[in-house]
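As a plain string of letters, each chain reads:
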Amino acid sequence: DYVPLAGGYGHGSSSLSSWIYKHIQEDLKKGKPQFPPEFGDVPKAQTRDLRLLPFGYGQGSGTLALWLRKRAKEVYSESPEEFEGSGMMKFDPFRSDEFLS
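Residue numbers run consecutively from 1 along every chain, following the written order of its sequence. Two thresholds apply to this predicted model, a pLDDT of at least 70 for residue-level local features and 80 or more for giving and counting side-chain atom pairs, whereas whole-chain, interface and lining totals are computed over all residues. Heavy atoms throughout the structure, all of them, feed into the side-chain values; hydrogens and water do not.

J.: What's the story with the overall build of the protein chain in this structure? I'm lost.
T.: In terms of helices and strands, the protein chain carries three helices and four strands. Traced from its N-terminal end to its C-terminal end, the protein chain shows the element sequence β-β-α-β-β-α-α. Sorting the 101 residues of the protein chain into buried and exposed places 38% on the buried side. The contact criterion used throughout is that any non-hydrogen atoms of two residues lie within 4.5 Å. Excluding contacts between residues fewer than 6 apart, the proportion of contacts in the protein chain whose partners are at least 24 apart in sequence is 49%. For helices the rule is a DSSP run of H or I covering at least 4 residues; for strands it is a run of E covering at least 2, with both sets numbered from the N terminus onward. Think of it in three bands: residues with accessible area under 20% of the maximum for their type are buried, residues over 50% are exposed, and the middle band is partly exposed, with areas taken using a 1.4 Å probe on protein chains only.

J.: Please explain unusual backbone geometry as it appears in this structure.
T.: Residues other than glycine predominantly adopt negative phi, and peptide bonds predominantly adopt the trans conformation. One non-glycine residue, F55, adopts positive backbone phi at about 65 degrees. Counting through the fold element by element, F55 comes out in the loop between β3 (51–52) and β4 (59–60). For F55, a relative accessible area of 0% translates into the label buried. The backbone of S77 sits at a positive phi, close to 55 degrees, despite the residue not being glycine. Summarising the element assignment, S77 is placed in the loop between α2 (62–76) and α3 (80–85).

J.: In this structure, what is going on with the packing of aromatic side chains? I would like to understand it.
T.: Between two aromatic rings, the relevant description is the distance of the centres plus the angle of the planes. Only Phe, Tyr and Trp rings are paired, with Trp represented by its six-membered ring, and only when their centres lie within 6.5 Å; those with planes under 30 degrees apart are stacked, over 60 edge-to-face, the remainder tilted. Following the criterion strictly, the structure yields six aromatic pairs and no others. Each ring, one from F39 and one from W67, has its centre 5.9 Å from the other, and the planes form 85 degrees; the classification is edge-to-face. Taken together, the residues span a long stretch of sequence, with F39 in the loop between α1 (14–29) and β3 and W67 in helix α2 at a distance of 28 residues. Just as F39 is buried, W67 falls in that class too. Through a chain of ring-to-ring contacts, the aromatic side chains of Y9, F35, F39, Y57, W67 and Y76 assemble into a single cluster.

J.: Could you clarify how one ought to interpret the nonpolar core in this entry?
T.: When a protein is soluble and globular, its nonpolar side chains tend to lie buried together. Counting 16 residues, the largest nonpolar core has A6, F35, L53, Y57, L64, W67 and L68 as its most contacted members. Sorting elements by how many residues they give to this core places α2 first, with five residues. Setting aside anything within four residues of it in sequence, one finds F35 in contact with Y9, V42, Y57, L64, W67 and L68. To define a nonpolar core, start from buried Ala, Val, Leu, Ile, Met, Phe, Trp, Tyr and Cys residues and group those joined through side-chain atoms within 4.5 Å.

J.: In this structure, what is going on with α2? I would like to understand it.
T.: In an α-helix there are 3.6 residues to a turn, and that puts residues three or four apart on one side. Given a rise of 1.5 Å per residue, 15 residues ought to cover 21 Å, and the 21 Å separating the end C-alpha atoms of α2 matches this to within 8%. Where α2 is concerned, the buried positions are G62, L64, A65, W67, L68 and A72. A positive backbone phi angle near 55 degrees is found at S77, which sits one or two residues after α2. A helix is expected to reach a length of 1.5 Å times the quantity of its residues less one.

J.: What is the right way to look at the layout of surface pockets in this model?
T.: Sizing a probe to match a water molecule and rolling it over the atoms shows the empty space that remains. When its volume is computed, the largest pocket comes out at roughly 160 Å³. Here a cavity denotes a set of grid points, spaced 1 Å apart and computed over the protein atoms alone, in which a 1.4 Å probe fits but from which it cannot get out, and a pocket denotes an open set meeting protein on both sides within 12 Å along at least five of seven lines; residues with an atom within 4 Å of a point are reported as lining. If you trace the largest pocket, you find it lined by Y9, W19, I20, H23, I24, D27, Q34, F35 and P37. Any residue that is not Ala, Val, Leu, Ile, Met, Phe, Trp, Tyr, Cys, Pro, Asp, Glu, Lys or Arg is counted as polar, Gly included; the first ten are nonpolar and the last four charged. Class assignment for the residues of the lining of the largest pocket results in six nonpolar, two polar and one charged. Grid points are joined across faces, edges and corners, and a volume is the space filled by probe spheres set on the points.

Distances and angles like these do not, on their own, reveal function.
Structural data, given as structure tokens:
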């Protein structure tokens, strides 16, 4: 199978996406989210709003959400809509760790 990957990492197998998502959630529980190194540095100045981030990254600023969207498209040609529409993940604004396997 060939699906959009969690984390905005492009495309690959559903088992790889599950593995990535699991590690994203572990990082979030530690309070240390990690983004693809190819995305570059996280924006230093961020808005103080809180919203659901794309690709399974939990919650964060609108600035961070826009940066993730833009970098995933530029680096891996993946959009949040493509990932969300894949059925790999169920988004719930109160629980970011719900995964459909």
